[in-house]
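Descriptive analysis of the structure
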Amino acid sequence: MTASGSAPGERRRTDSIAALCLLLNAPDGLGSRDARVAEAVGRATRLLTANAADPDELDAALDAVDEALRRAGDARGLGGRRGGVPGSSAALPGVRPMIKVALCPGTVPCTRREPAKDLWPAPACAVNGVRMRKERLREDPTA
C-alpha cells in the first residue's frame, strides 16, 4: 500500500481538500495571491473535479498549493486553514451534539463539516461549485 493509500495519508488529503475549500470561500479568496498560487489552486481544483484523480497526483497538487501559499508569504500554508475541520472536543453535560452537518459533495470528499440548520441552505463548496449536502451526524462516529 502506498503512503497516499494509508489512513493518515487519506486524512491528510481530506484535511487539505477542506482547507482548500475554505480558502476558496474566504472573503479575500485568492484576490491578493500571486500567479503561482492561482496556478497551483487551479490544478488542484481540476484534479478534484475529475472523477478518477490519482491520489498521488492529487497529493502532489495539494502540496504545491501549500508551498505556493508559503512562498507568497502565508506562513500557514494550506495546512493551517483547518478551521472547518472538526476537532475532538468532549460534549458538555446537558448540551446536545450537533444533529445536522453539511458535508463535502465531491467525488473525492474532504473532512470539512459545517453546521446545517434546517431553515438555512447548506454552504457552497468552492472546489466543486455546488452546495454541500446535509446529513445527520451520528453520536458515535464508529457506529
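Note that the coordinates shown come from a computational prediction; the quantities given were computed from them, not determined experimentally.

Attention shifts here to the nonpolar core. Ranked by size, the top nonpolar core spans 29 residues in total, and within it I17, L20, L48, L58, L62, V65 and L78 carry the most contacts. Every element with two or more residues in this core is listed here: α1 (7–25), α2 (35–49) and α3 (55–71). If near-sequence neighbours (up to four positions away) are discounted, L62 is found in contact with R13, S16, I17, L20, A44 and L78.

Another aspect to go through is the side chain of D66. Structurally, D66 can be placed in helix α3. For D66, a relative accessible area of 18% puts it in the buried group. Within the structure, D66 has its side chain in polar contact with the side chain of R70 (distance 3.0 Å). Separated by 2.6 Å, the side chain of D66 and the backbone nitrogen of L78 make a polar contact. When near neighbours in sequence (up to four residues on either side) are disregarded, D66 contacts R76, G77, L78 and G79.

For the pair α1 and α2, the least separation of the axes is 12 Å and the interaxial angle reads 120°. Classified by the angle between their axes, α1 and α2 sit oblique to one another. Between α1 and α2 lies a crossing of left-handed hand. In this structure, α1 uses I17, L20, L23 and L24 to contact α2, whose residues at the interface are V41, A44, T45 and L48.

Now for α3. Under the 1.5 Å per step criterion, the end-to-end length of α3 is 24 Å for 17 residues, consistent within 8% with the ideal 24 Å. What α3 keeps buried is the set L58, D59, A61, L62, V65, D66, A68 and L69. For α3, the elements touching its buried residues are α1 and α2. G73 sits one or two residues past α3 and shows a positive phi near 105°.

What follows is about the pairing of strand β1 (residues 100–103). Pairing geometry for β1 and strand β5 (residues 133–136), over four bridges, is antiparallel. When the sheet's bridge partners are listed, A102 is paired in β5 with K134. One ladder, built from three bridges, connects β1 with strand β2 (residues 113–115); its direction is antiparallel. Paired with V101 across the two strands is P115, which belongs to β2.

Cut-offs and rules
Residues numbered from 1 in each chain as written. Predicted model: local features only at pLDDT ≥ 70, side-chain atom pairs only at ≥ 80, totals over all residues. Heavy atoms only, no water. Core = buried A, V, L, I, M, F, W, Y, C linked by side-chain atoms within 4.5 Å. Buried < 20%, exposed > 50% of the residue type's maximum accessible area, 1.4 Å probe, protein only. Helix = DSSP H or I, 4+ residues; strand = E, 2+ residues; numbered from the N terminus. Contact = heavy atoms within 4.5 Å. Polar contact = N/O pair within 3.5 Å; in protein donor to acceptor, adjacent residues only side chain to side chain. Axes fitted to C-alpha atoms, helices over the stretch in contact; angles between N-to-C directions. Parallel < 35°, antiparallel > 145°, perpendicular 65-115°, else oblique. Left-handed = near helix turned anticlockwise from the far one by under 90°. Expected span 1.5 Å × (residues − 1). Pairing = 2+ DSSP bridges.

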